Amino acid sequence: MATFQVGFSFEAFYLQLDSTSHGLSNRFSFYSLSFLHSGACMGKLTAGIVSAYAGVLNTVIGSSLISSAVIFAMIGLHSVASVVLIGISYGYFSGVCTATMAPLISLLTPEISDLGIRIGISFAISGIGALVGTCTICFLDRHSRSAQSVTICGSIMFAFMQFILKICQKTAGVYSKEAGV
């Protein structure tokens with residue numbers, strides 16, 4: 001989560017600036033974050049429905065990969081339509097990602113009494129990633145695409161986590177069959 005959070009805030013900080021630097025009016029650029037946050041609101045509202053059908057881990061992996069791809073799509077930001085499309089799509093998938101992080105941690109917690117401490121530790125560490133990432137993005141050149149690459153790496157780590165969980169489930173099933181349980 002911390003690796004993903006390093007580049008996760010890139011869009012919120014640079015959508016307005018990139019739309020202004022590509023020749024769009026300041027008046028329209030002011031409202032570009034409204035598109036992003038309206039998409040995030042819809043994503044947070046529909047995340048439970050999507051994860052009920054696809055599974056929490058699949059929803060996190062899919063939404064993080066798509067939101068990372070949308071960050072890369074900021075390269076093509078040149079018109080009003082592209083700002084609206086990028087803002088709404090990134091907002092939606094980032095909202096789904098944000099809303100499914102706590103259920104993901106609950107999925108990974110075998111003992112329910114440890115859930116609160118695990119959520120607190122996970123969000124504290126990912127908050128450090130978001131804080132460091134935001135400062136690093138502002139320090140580096142925003143066209144270097146380092147934030148996008150780190151976000152993709154975080155998404156790949158989520159997919160790798162699913163792979164490891166499936167291996168653990170298979171080996172646990174083998175051990176329980178051998179023990180006669």
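Residues numbered from 1 in each chain as written. Predicted model: local features only at pLDDT ≥ 70, side-chain atom pairs only at ≥ 80, totals over all residues. Heavy atoms only, no water.

- As named in an unreviewed UniProt entry, the protein is Major facilitator superfamily (MFS) profile domain-containing protein, taken from Rhizopogon vesiculosus.

**Here we look at helix H6 (residues 80-99)**
Step number 1: Its 20 residues place the ends of H6 28 Å apart at the C-alpha level, agreeing with the 28 Å of an ideal helix rising 1.5 Å per residue.
Step number 2: Considered for burial, the residues of H6 that qualify are Ser-82, Val-83, Ile-86, Gly-87, Ser-89, Tyr-90, Gly-91, Ser-94, Gly-95, Val-96 and Cys-97. (Helix = DSSP H or I, 4+ residues; strand = E, 2+ residues; numbered from the N terminus. Expected span 1.5 Å × (residues − 1). Buried < 20%, exposed > 50% of the residue type's maximum accessible area, 1.4 Å probe, protein only.)

**What about the nonpolar core?**
Step number 1: In this structure, Phe-10 and Phe-158 are the most contacted members of the largest nonpolar core, which totals 24 residues.
Step number 2: Those elements giving two or more residues to this core turn out to be helix H1 (2-8), helix H2 (10-21), helix H5 (56-72), H6, helix H7 (101-108) and helix H9 (146-178).
Step number 3: Looking at this core element by element, the count peaks at 5 residues for H5.
Step number 4: If sequence neighbours within four positions are ignored, Phe-158 has contacts with Met-1, Phe-4, Val-60, Ile-61, Ser-64, Met-101 and Leu-104. (Core = buried A, V, L, I, M, F, W, Y, C linked by side-chain atoms within 4.5 Å. Contact = heavy atoms within 4.5 Å.)

**So, the UniProt feature "transmembrane region" (unreviewed entry) in the protein**
Step number 1: Mapped onto this numbering, the UniProt entry gives "transmembrane region" (unreviewed entry) at residues 52-76, 83-105, 117-140 and 147-165.
Step number 2: A distance of 27 Å separates the end C-alpha atoms of residues 147-165, which is 100% helix and 0% strand. (UniProt positions renumbered as here; feature names shortened; annotations may be inferred.)

**Comments concerning the packing of aromatic side chains**
Step number 1: Across all of its chains, the model carries 8 aromatic pairs by this definition.
Step number 2: Summarising the aromatic geometry, the rings of Phe-10 and Tyr-14 are spaced 5.1 Å apart at their centres and angled 40° between planes, so their arrangement reads as tilted. Of this pair, Phe-10 and Tyr-14 both sit in helix H2, 4 residues apart, which is roughly one turn of that helix.
Step number 3: Tyr-14 sits in the buried class, given a relative accessible area of 10%.
Step number 4: Between Phe-28 and Phe-35, the aromatic rings sit 6.0 Å apart at their centres with planes inclined by 40°, giving tilted as the arrangement.
Step number 5: Classification of Phe-35 as partly exposed rests on a relative accessible area of 25%.
Step number 6: Here the aromatic cluster, defined as three or more aromatic residues joined through ring pairs, consists of Phe-4, Phe-8, Tyr-90 and Phe-158. (Phe/Tyr/Trp six-rings, centres within 6.5 Å; stacked < 30°, edge-to-face > 60°.)

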